[in-house]
Amino acid sequence: MHLAEKDLAALIRAVQDSDVTRFDLVTPDFEIHIARGDDADTDVAPLPQSSTASPEAPAAPAPVAAAPALAAAVPAAAAEGLVEITAPMIGIFYTAPEPGADPFVALGSTVEAGMTVGLVEAMKLFTAVEAGAGGIVEQMLVSNGDYVEFGQPLVRLRPTA
Amino acid sequence: MHLAEKDLAALIRAVQDSDVTRFDLVTPDFEIHIARGDDADTDVAPLPQSSTASPEAPAAPAPVAAAPALAAAVPAAAAEGLVEITAPMIGIFYTAPEPGADPFVALGSTVEAGMTVGLVEAMKLFTAVEAGAGGIVEQMLVSNGDYVEFGQPLVRLRPTA
Amino acid sequence: MSSTAAPPRVSRVLIANRGEIALRVVRACRTVGVGAVVATSTADLDSLAARSADRALCIGPPSAAASYLKVAAVVTAAQMGGCDAIHPGYGFLAESPELADACVEEGLTFVGPSARLLRLFGSKVSAREAARAAGVPLSAGTEELADAQAARAAADELGYPVLIKPVRGGGGKGMRVVSAAEEMEAAFALARQEAIAAFGDSALYLERWVARARHVEVQVAGDGTGTVLHFGDRDCSVQRRQQKLVEEAPAPALPAALQDAIRESAVALCSSVRYNSVGTVEFLVDVDRGDYFFLEVNPRIQVEHGVTELVTGIDLVALQLRLAAGEPLPWTQDEVRIEGAAIECRVNAEDPDLGFRPSPGRITGWHPPTGAGVRVDSHCEQGYLVPPFYDSLIAKVMAVAADREAAITRLEGALAEFRCEGIATTTTLVGRILAEPDFHAVRHHTKWLDTLPQPKE
Amino acid sequence: MSSTAAPPRVSRVLIANRGEIALRVVRACRTVGVGAVVATSTADLDSLAARSADRALCIGPPSAAASYLKVAAVVTAAQMGGCDAIHPGYGFLAESPELADACVEEGLTFVGPSARLLRLFGSKVSAREAARAAGVPLSAGTEELADAQAARAAADELGYPVLIKPVRGGGGKGMRVVSAAEEMEAAFALARQEAIAAFGDSALYLERWVARARHVEVQVAGDGTGTVLHFGDRDCSVQRRQQKLVEEAPAPALPAALQDAIRESAVALCSSVRYNSVGTVEFLVDVDRGDYFFLEVNPRIQVEHGVTELVTGIDLVALQLRLAAGEPLPWTQDEVRIEGAAIECRVNAEDPDLGFRPSPGRITGWHPPTGAGVRVDSHCEQGYLVPPFYDSLIAKVMAVAADREAAITRLEGALAEFRCEGIATTTTLVGRILAEPDFHAVRHHTKWLDTLPQPKE
């Protein structure tokens with residue numbers, strides 16, 4: 001995937017002018033993250049060489065033992081035509097609003113854009129994980145109570161339509 | 001100029017089986033020096049990046065101030081179709097067998113293969129500089145009494161067909 | 001929320017920083033024999049520090065506000081990584097009382113002074129009060145002055161030159177240097193006019209004006225009981241717009257009595273507040289008057305700590321980790337020996353030909369100098385992409401030798417060997433500073449570099 | 001041809017060597033403030049040393065015999081380069097009395113001991129004689145022995161175990177270790193048979209057999225008047241087929257009295273011959289018997305000099321240049337302080353999986369470790385082609401810390417960070433040596449590594 005600089009600028013403007021709350025674009029050369037809300041910031045990030053989220057292929061193992069946890073993760077979603085919901089922050093992932101309650105979503109659930117699919121807690125503060133697009137939950141990648149890193153894939157949806 | 005490894009081996013064998021006393025081949029990738037006599041040794045040398053004797057083009061200036069003297073030298077001979085006679089050792093170059101005597105060769109002299117074209121002196125020991133091939137002296141690149149480095153071009157001949 | 005509740009533990013450290021200091025702390029953890037986990041933004045996931053650590057955890061996007069500056073993300077990363085301590089490095093959250101508080105709340109050890117000390121030194125007012133109480137000289141100044149006559153009386157006491165300053169306002173407006181008593185009347189009137197025009201307020205006061213100041217700082221470490229050691233001083237007077245570029249240890253060409261007084265002031269201040277980590281007390285030395293006054297305390301490890309390490313042989317980051325773990329100071333003051341001279345040049349990814357504009361990008365060729373007496377602290381490598389989000393420091397090139405001239409020579413050699421291709425750097429520029437006769441003669445001061453004619457190629 | 005004819009001059013030095021030591025000497029020339037010209041073969045024309053020097057002169061083709069080993073080429077290069085001194089590095093012509101003589105003849109300063117000393121220590125016989133005269137212990141042995149009875153008598157004096165050796169011959173034939181008196185008769189008879197069969201000669205003698213020997217050497221420097229300083233010792237017992245792989249300073253876990261005696265022996269020997277440069281006296285320490293004996297003198301700078309520099313803070317190559325220039329020793333023995341511990345690993349371009357076969361080739365990625373307490377001496381860089389003509393040393397990775405365990409830890413960290421891509425290296429292998437319990441406990445000896453089971457991946 002190759003994008004010229006002006007394409008990028010136009011893309012960022014278009015996303016910013018929309019009501020999208022979170023936008024992530026990852027290419028082998030860079031990442032763009034646009035978020036609304038508490039952490040609103042527009043980043044054009046260089047992609048680390050042994051990337052964690054390359055849509056093309058599973059990340060190569062890092063050259064040293066201390067590979068970031070993300071790098072060892074699950075096969076890429078894009079190849080399977082799935083949409084990934086990632087952690088908006090580092091913290092503990094919860095599938096339900098409180099212990100004993102029904103989970104926000106389960107395998108097979110139909111999810112609409114903007115719907116909460118889980119919570120991430122950091123220092124007693126809970127942040128909702130919202131679906132950026134609609135679809136059917138095809139994979140739940142982490143369990144209730146797991147620590148997750150920022151950007152870690154949590155749920156994969158099969159897009160509707 | 002590209003040579004396969006087996007071509008190289010064949011070439012080296014051919015030269016070694018001949019009565020050639022000195023053979024130098026320089027490409028952008030390597031050098032071969034074959035010499036007979038006191039310093040007889042067969043070397044396949046990697047060529048330094050800012051080469052001193054690339055036949056294709058003048059050497060690029062070395063990245064730091066301390067470029068070897070050779071690197072700053074005269075334009076390459078091969079492009080002009082000339083054959084170069086280089087210094088067989090570091091030392092002082094003499095054009096004549098003794099002070100006041102006639103020079104071994106001068107511009108326009110006809111030289112035969114094996115003929116002495118000058119002397120190089122190091123610590124009172126004189127070594128004859130011999131022409132590897134016949135030709136007519138077209139350029140004298142150093143003056144009588146100059147210090148010369150090993151491999152420095154001294155004389156250029158226009159080959160006699 | 002009592003800091004005495006549990007004995008501090010440091011067996012696995014979350015490093016909440018990036019760049020060369022993150023790598024420096026990873027190495028210190030190894031030296032001390034404790035685990036190291038690095039918290040990184042997505043921009044630094046593949047950094048040398050992240051790869052050198054036992055583990056790296058992604059805490060947010062490249063923007064520091066959403067990653068390295070988020071207390072909750074850092075604390076959560078420590079918990080996720082099974083850490084019992086957090087090292088904040090310098091910058092970012094290094095002086096954050098909020099992080100220190102959060103550590104206490106969550107049962108983590110903050111590798112730095114307690115929140116009380118961070119608050120104390122985080123405020124200019126309380127820091128000055130502490131210094132005054134410890135008998136440390138402060139910059140001489142007055143209260144608000146009624147008129148030029150009162151100003152003349154005050155200036156006679158302060159000694160000329162003095163600086164007239166508006167009580168409210170800033171940015172240089174209404175400020176005037178007065179060199180002699182007979183200039184006071186006119187200068188005071190002009191300053192008052194300017195102050196009213198700019199800030200709608202006529203109140204003025206005087207400060208002593210220091211024409212040529214040297215930035216001298218003292219490296220200290222305390223155990224929290226009032227015992228404080230110093231590790232000698234550093235001179236960081238070579239500054240470009242208040243950014244340190246060249247630092248050295250010890251501070252050269254100071255009269256022995258003045259140097260002793262400065263060191264003693266630093267120890268007295270930190271001892272009086274029961275300082276409990278490594279830190280630096282900064283002073284300005286008035287070259288012309290031959291005295292000094294307190295500037296501030298940096299309650300953390302500093303960028304330029306390496307030059308002190310080179311002349312003392314002490315690993316200050318390892319010491320910091322050990323103090324955080326509750327270990328005592330392992331030496332007496334007499335056992336701390338300062339030998340030789342060390343100098344550091346900061347090399348930044350900036351283009352001196354374009355007004356020092358940052359020059360992030362891919363490093364295509366990287367050959368740092370090595371060898372006897374040379375140390376380079378850097379997180380860069382061939383192929384590394386200097387990200388555009390953070391500060392532009394790419395390497396600290398240091399040299400140590402038996403004396404200052406030898407250290408300069410060695411550092412010049414090291415800078416000459418240093419090759420960084422693909423991006424613009426300040427390597428050549430800092431090398432030129434070392435060659436300046438004023439630098440050799442220690443005639444430089446904090447405004448020296450800014451007034452120097454731009455050296456030409 | 002008198003060496004006292006003219007005061008020696010060292011204002012511009014011809015460096016007659018290559019690789020890391022050529023670069024090391026270039027840097028030392030800068031430190032001392034003298035010019036540096038590097039003599040190179042065509043294979044090294046573009047080396048870092050050649051580019052770092054003021055000038056590089058090509059002295060011959062890659063073959064060392066036709067370049068670095070040619071006295072006339074080296075001397076002529078010095079003259080062509082306007083040099084007044086020649087530094088031979090180590091290896092090549094470093095111990096060549098012919099080069100030292102040629103320097104005297106041509107009015108050049110040889111940066112090393114005088115030809116007289118090179119000849120003295122170049123012969124095993126005269127070196128042993130000098131050591132004996134200076135009261136330095138020699139390996140205990142006998143003259144030719146008539147029969148087993150004479151051997152038993154001699155062995156009682158030497159102390160068991162002893163080694164029976166043929167007077168003529170070599171290569172292990174006819175050699176037998178005898179552990180106790182009652183084995184002598186049979187062993188002597190067998191050894192005699194073997195000696196006759198192998199060399200046609202029945203003469204045998206005894207040597208004391210050292211089962212576990214440590215290689216301990218003392219770094220010295222002399223001013224030519226008999227004043228000699230030592231800079232402590234080094235242990236170089238980690239050897240693979242007599243090639244040093246790991247060196248450290250000071251020699252660890254030696255009883256203080258033994259260590260003092262070894263250092264005093266080194267000084268006594270060098271003082272007795274009016275040694276006039278830096279040098280190293282090598283000893284074998286008999287671990288089981290707790291004594292030591294003279295091995296040889298290396299009259300030059302050694303590969304492993306850096307670990308001594310790290311624990312003393314002294315630049316030995318700069319000292320060597322100053323002594324060559326006729327300057328006096330700048331310290332007294334008391335002023336030479338040895339602090340902390342330093343260890344060096346040699347990293348070679350060899351493939352441990354292919355029997356340590358040299359692996360010359362292009363270095364495609366080069367990231368040497370840096371940081372506090374780490375030093376790397378290397379001539380390599382990204383894109384460098386390790387030539388096939390010379391020895392395979394590509395880097396000396398060193399670490400210094402307050403004590404030996406901390407230095408080991410730091411060095412392990414440095415080796416873990418070291419990346420050299422494109423060629424096979426011994427980095428991982430030397431790292432494993434450091435992790436061996438025997439190395440930590442100083443139970444290693446010169447044959448230890450060869451008897452160690454090959455570590456597996």
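Residues numbered from 1 in each chain as written. Chains lettered and ligands numbered in written order. Predicted model: local features only at pLDDT ≥ 70, side-chain atom pairs only at ≥ 80, totals over all residues. Heavy atoms only, no water.

**Some thoughts on the overall build of chain C**
We apply this condition: Put simply, DSSP H or I for four residues or longer makes a helix, DSSP E for two residues or longer makes a strand, and each gets a number counted from the N terminus. Buried means the residue's accessible area, taken with a 1.4 Å probe over protein chains only, is under 20% of the maximum for its type, while exposed means over 50%, and partly exposed covers the values in between. Using a 1.4 Å probe, the Shrake-Rupley method yields the accessible areas, and only the shown protein chains count as cover for residues. By the counting rule applied here, Lys and Arg register as positive and Asp and Glu as negative, while His and the ends of each chain are not counted. By convention, the point assigned to a charge is CZ for Arg, NZ for Lys, CD for Glu and CG for Asp.
In terms of regular secondary structure, chain C is built from 15 helices and 22 strands. For chain C, the spread of C-alpha atoms along the principal axes amounts to about 70 × 60 × 45 Å. For chain C, with 457 residues in total, the buried portion stands at 61%. Per element, the accessible surface of chain C, about 16,600 Å² overall, is 50% carbon and sulfur. Considering chain C, the positive charge centre built from 45 side chains and the negative charge centre built from 58 side chains are found 3 Å apart.

**Structural notes on the overall build of chain A**
This is how it is decided: When checking whether two residues touch, look at their non-hydrogen atoms; a contact exists if any pair is within 4.5 Å.
Secondary structure assignment for chain A yields 1 helix and 11 strands. When the elements of chain A are put in sequence order from the N terminus, they spell out α-β-β-β-β-β-β-β-β-β-β-β. Considering only intrachain contacts with a sequence separation of at least 6, the fraction spanning at least 24 residues in chain A is 50%. When the accessible surface of chain A is summed, it comes to about 8,200 Å², and 55% of that surface belongs to carbon and sulfur atoms.

**Digging into the sheet that holds strand β5 (residues 91-94) of chain A**
Residue and element names in this part refer to chain A. To keep things clear, this is the line we draw: The criterion for strand pairing is that DSSP finds at least two bridges linking the strands in question.
Read from one edge of the open sheet, 4 strands run β8-β7-β5-β10, paired in antiparallel fashion. Of all the strands in the sheet, just β8 (125-130) and β10 (147-148) have a single pairing partner and so form its edges. Sheet analysis places strand β7 (residues 116-122) next to β8, joined by 6 bridges and oriented antiparallel. Of the residues in β8, the one forming a bridge with G118 is V129.

**So, the pattern of salt bridges**
Residue and element names in this part refer to chain C. What counts, and what does not: We count a salt bridge whenever a side-chain nitrogen from Lys or Arg sits within 4 Å of a carboxyl oxygen from Asp or Glu.
Taken as a whole, this structure holds 72 salt bridges over all chains when the rule is applied. In this structure, R214 and D235 form a salt bridge, with 2.7 Å as the shortest nitrogen-oxygen distance. Of this pair, R214 sits in strand β9 (residues 213-222) while D235 is found in strand β10 (residues 228-240), placing the two residues 21 residues apart along the sequence. For the residue pair R214 and D235, the accessibility class agrees, reading buried in each case. Connected through shared salt-bridge partners, E217, R234, K244, E247, E282, E304 and R346 make up one network.

**Considerations on the side chain of N298 of chain D**
With respect to the element layout, N298 of chain D can be found in strand β13 (residues 291-298). Aside from chain neighbours lying at most four places away, what touches N298 of chain D is E95, Y275, G279, T280 and E282 of chain D.

**Details of helix α4 (residues 97-105) of chain D**
Residues and elements named next belong to chain D. Taken together, the buried positions of α4 are occupied by P97, L99, A100, D101, A102 and C103. Looking at the buried positions of α4, the neighbouring elements they touch are α3 (71-80), β4 (85-87), β5 (109-110) and α5 (115-122). Phi turns positive, to about 75°, at G107, one or two residues after α4.

**Things to note about the environment of Y292 of chain C**
Residues and elements named next belong to chain C. The condition is simple: Throughout this description, a polar contact denotes any pair of N or O atoms lying within 3.5 Å of each other; where both atoms belong to protein, one of them has to be capable of donating a hydrogen while the other can accept it, and for residues adjacent in sequence the pair is counted only when both atoms sit in side chains.
Relative to the elements of secondary structure, Y292 occurs in strand β13 (residues 291-298). For the pair formed by Y292 and T280, sequence separation is 12 residues and the distance between their alpha carbons is 16 Å. The residues touching Y292, leaving out its near neighbours within four places in the chain, are P137, L258, A261, I262, S265, F283, L284, V285 and D286. Within the structure, the side chain of Y292 is placed 3.3 Å from the backbone oxygen of A261, a separation counted as a polar contact. A polar contact is formed between the side chain of Y292 and the side chain of S265, at a distance of 2.7 Å.

**Some points on the sheet that holds strand β14 (residues 341-348) of chain C**
All names here are of chain C. Using the following cut-off: Throughout, an axis means a line fitted to C-alpha atoms (over the contacting stretch in the case of helices), and angles, computed between N-to-C directions, take values from 0 to 180 degrees.
Pairing is antiparallel across the open sheet formed by 8 strands, whose spatial order is β13-β12-β9-β10-β11-β14-β21-β19. Each edge of the open sheet carries a strand with a single partner, namely β13 and β19 (374-377). On average, each strand axis in the sheet is inclined to that of its neighbour by 25°, with strand direction left out of account. Taken strand by strand, helix α10 (residues 305-312) contacts β9, β10, β11 (243-249), β14, β19 and β21 (393-401), and its axis lies near 25° from that of β21. Against the sheet, helix α12 (residues 404-417) contacts β11, β14, β19 and β21, and its axis sits at roughly 140° relative to β21.

**Structural notes on the packing of aromatic side chains**
Short version of the rule: Any Phe, Tyr or Trp ring, taking Trp's six-membered ring, that has another such ring centre within 6.5 Å forms a pair; planes under 30 degrees apart are called stacked, those over 60 apart edge-to-face, and the others tilted. Counted as over-ring charges are cases with an Arg CZ or a Lys NZ within 6 Å of the ring centre that also lie within 35 degrees of the ring normal.
Applying the stated rule across the entire model yields 20 aromatic pairs over all chains. When the centroid spacing of 5.0 Å and the interplanar angle of 25° are considered together, the rings of Y68 of chain D and F92 of chain D count as stacked. With a gap of 24 residues between them, Y68 of chain D in the loop between β3 (55-60) and α3 and F92 of chain D in the loop between β4 and α4 connect regions that are remote in the sequence. The exposure class assigned to F92 of chain D is partly exposed, which follows from its relative accessible area of 28%. Counting every residue linked through ring pairs, the aromatic cluster contains Y68, F92, F389 and Y390 of chain C. Above the plane of the ring of F356 of chain D lies R240 of chain D, whose end atom (NZ or CZ) is 3.7 Å from the centre. The ring centre of F439 of chain D lies 4.5 Å from the NZ or CZ of R404 of chain D, which sits over that ring.

**Focus on the packing of α5 of chain D against helix α6 (residues 124-133) of chain D**
Residues and elements named next belong to chain D. Basically, it comes down to this: Roughly parallel here means an angle under 35 degrees, roughly antiparallel means over 145, roughly perpendicular means 65 to 115, and every remaining angle is called oblique. Three classes are used, and their members are as follows: Ala, Val, Leu, Ile, Met, Phe, Trp, Tyr, Cys and Pro are nonpolar, Asp, Glu, Lys and Arg are charged, and the others, Gly among them, are polar.
Relative orientation of the contacting elements α5 and α6 amounts to 100°, with a least axis distance of 5 Å. Considering their axes alone, α5 and α6 lie roughly perpendicular with respect to each other. Two secondary-structure elements touch here, α5 through R119, L120, F121 and G122 and α6 through K124, S126, A127 and A130. Partitioned by chemical class, the residues of the contact of α5 with α6 number 4 nonpolar, 2 polar and 2 charged.

**Points about the state of the cysteines**
All names here are of chain C. To keep it simple, the criterion reads: Two cysteine sulfur atoms make up a disulfide if the distance between them is within 2.5 Å.
Scanning all chains against the criterion turns up 0 disulfides over all chains. Left without a disulfide partner, C29 is nearest to the cysteine sulfur of C83, which lies 9.0 Å away. Unpaired in this structure, C58 has its nearest cysteine sulfur neighbour in C83, at a distance of 15 Å. The class for C58 is buried, based on a relative accessible area of 0%.

**Topic: the pairing of strand β12 (residues 278-286) of chain C**
Side-chain positions along a regular strand alternate between the two faces of the sheet. All names here are of chain C. For β12, the tally of buried residues reaches 9 of 9 residues, placing the bulk of the element in the interior. Side-chain alternation along β12 places V278, T280, E282, L284 and D286 on one buried face and G279, V281, F283 and V285 on a second face that is also buried. Pairing of β9 with β12, which is carried by 9 bridges, proceeds in the antiparallel orientation. Bridging across to β12, R214 finds its partner in V285. Relative to β13, β12 is paired through 7 bridges, and the arrangement is antiparallel. Its bridge partner being in β13, T280 is matched across the sheet by N298.

**Section: unusual backbone geometry**
Residue P161 of chain C is reached from Y160 of chain C by a cis peptide bond, and omega for that bond is -5°. On the secondary structure map, P161 of chain C appears in the loop between α7 (148-158) and β6 (162-166). With omega at -10°, the peptide bond leading from A249 of chain C into P250 of chain C counts as cis. Backbone geometry places Q242 of chain D, a non-glycine residue, at a positive phi of 65°. Tracing the sequence through the fold places Q242 of chain D in the loop between β10 (228-240) and β11 (243-249).

**Describing the environment of G365 of chain D**
Residues and elements named next belong to chain D. Looking at the element boundaries, G365 is found in strand β18 (residues 365-367). In sequence terms G365 and A186 are 179 residues apart; their C-alpha atoms lie 59 Å from each other. Other than its neighbours up to four places away in sequence, G365 contacts Q382, R419, C420 and E421.

**Concerning the environment of T160 of chain A**
All names here are of chain A. Structurally, T160 can be placed in the segment after β11 (153-159). Judged by relative accessible area, which is 43%, T160 ranks as partly exposed. For the pair formed by T160 and G134, sequence separation is 26 residues and the distance between their alpha carbons is 6.3 Å. Apart from the residues within four sequence positions on either side, T160 is in contact with G134, G135 and I136.

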